[in-house]
Amino acid sequence: MIDILRRRFGLLGRNISYSFSKGYFTEKFSDEVFTGNTYENFDISEISHFTGLIKNNPDLKGLNVTIPYKEQVIPFLNKLSKKATLIGAVNTIKFTKNGKLKGYNTDYYGFKKSLKPLLETHHKKALILGTGGASKGVAFALDELGIPYTFVSREAKENIIDYNLINATTFDNFQIIINCTPVGTSPNIEASPDLPYEFFTDKHIAYDLIYNPAETQFLKNAKERGAIIKNGLDMLIFQAEKAWKIWNK
């Protein structure tokens, strides 16, 4: 049966011309089964413009949310799913039949599903590079997998270490290193998080949420030392399909 209803979806973010989501859903909607569905970028300079965006686009049915609004958008929503509440970040918004906005997090699902096949018994603890909205979904997934983790940031705070503290002992204790920062994304592809890469081994997993380029400098450096590497493409695909299910349930 061909869906002839016009339904609009989109991505909320800032400087998002590179958007994975737009390309992914545009291709998905090219199938005649999804005739009438459209997907577009909503690039706003600050979150205060969100209210006007919603008012001016009353036929929207769903939004994905990316940097830097995964946390900032929450006060503008009417309701959060239980998991989005626990995570404290939203990357999917559903426009309900009664006109309410409900926030969900599918990042954690995408990350968990993409990481799980790589795990072996010696992968016991994780370092999460970055403390933004994306890192919260990653942390929640690690909690569900029973993997303890520590956050890394440029400034040490409670339960957060800074990059200067990372050494050989750190790499002995943490076998999964996850880059949740934008460092290394296109066009600044030669940049990488400030780590002592010589301590990576074949017992480590290096996971980068970035998918463009497919192999970041972070992943290249880890790969040279024998680490298992994984970029964020599968995570994005899994979370996008989860968002699609939410919009259609």
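Residues numbered from 1 in each chain as written. Predicted model: local features only at pLDDT ≥ 70, side-chain atom pairs only at ≥ 80, totals over all residues. Heavy atoms only, no water.

**Comments concerning the sheet that holds strand S9 (residues 160-162)**
Taken together, the six strands give an open sheet; going across it, the order is S9-S8-S7-S10-S11-S12, and neighbouring strands pair in parallel fashion. Of all strands in the sheet, those with a lone pairing partner are S9 and strand S12 (228-230), marking the two edges. Neighbouring strand axes in the sheet, compared pairwise and without regard to direction, differ in orientation by 25° on average. In the packing of helix H7 (residues 217-224) onto the sheet, the strands contacted are strand S7 (126-129), strand S10 (176-179), strand S11 (205-208) and S12, and the crossing angle to S11 comes to about 170°. (Pairing = 2+ DSSP bridges. Helix = DSSP H or I, 4+ residues; strand = E, 2+ residues; numbered from the N terminus. Axes fitted to C-alpha atoms, helices over the stretch in contact; angles between N-to-C directions. Contact = heavy atoms within 4.5 Å.)

**So, the UniProt feature "domain: Shikimate dehydrogenase substrate binding N-terminal" (unreviewed entry) in the protein**
UniProt tags residues 11-93 as "domain: Shikimate dehydrogenase substrate binding N-terminal" (unreviewed entry). The span residues 11-93 is 28% helix and 24% strand, and its two end C-alpha atoms sit 10 Å from each other. (UniProt positions renumbered as here; feature names shortened; annotations may be inferred.)

**Quick word on the nonpolar core**
Ranked by internal contacts, the top residues of the largest apolar core, which has 23 residues, are Phe111, Ile128, Val138, Leu142, Ile178, Tyr207 and Leu209. Looking at this core, the elements with two or more residues in it are helix H4 (107-115), S7, helix H5 (133-145), S10 and S11. When sequence neighbours within four positions are dropped, the list of residues in contact with isoleucine 128 reads Ser135, Val138, Ala139, Leu142, Tyr149, Thr150, Phe151, Val152, Ile178 and Cys180. Counting residues in hydrophobic clusters, the runner-up holds 17 residues, among them Leu12, Ile44, Val73 and Val90. (Core = buried A, V, L, I, M, F, W, Y, C linked by side-chain atoms within 4.5 Å. Buried < 20%, exposed > 50% of the residue type's maximum accessible area, 1.4 Å probe, protein only.)

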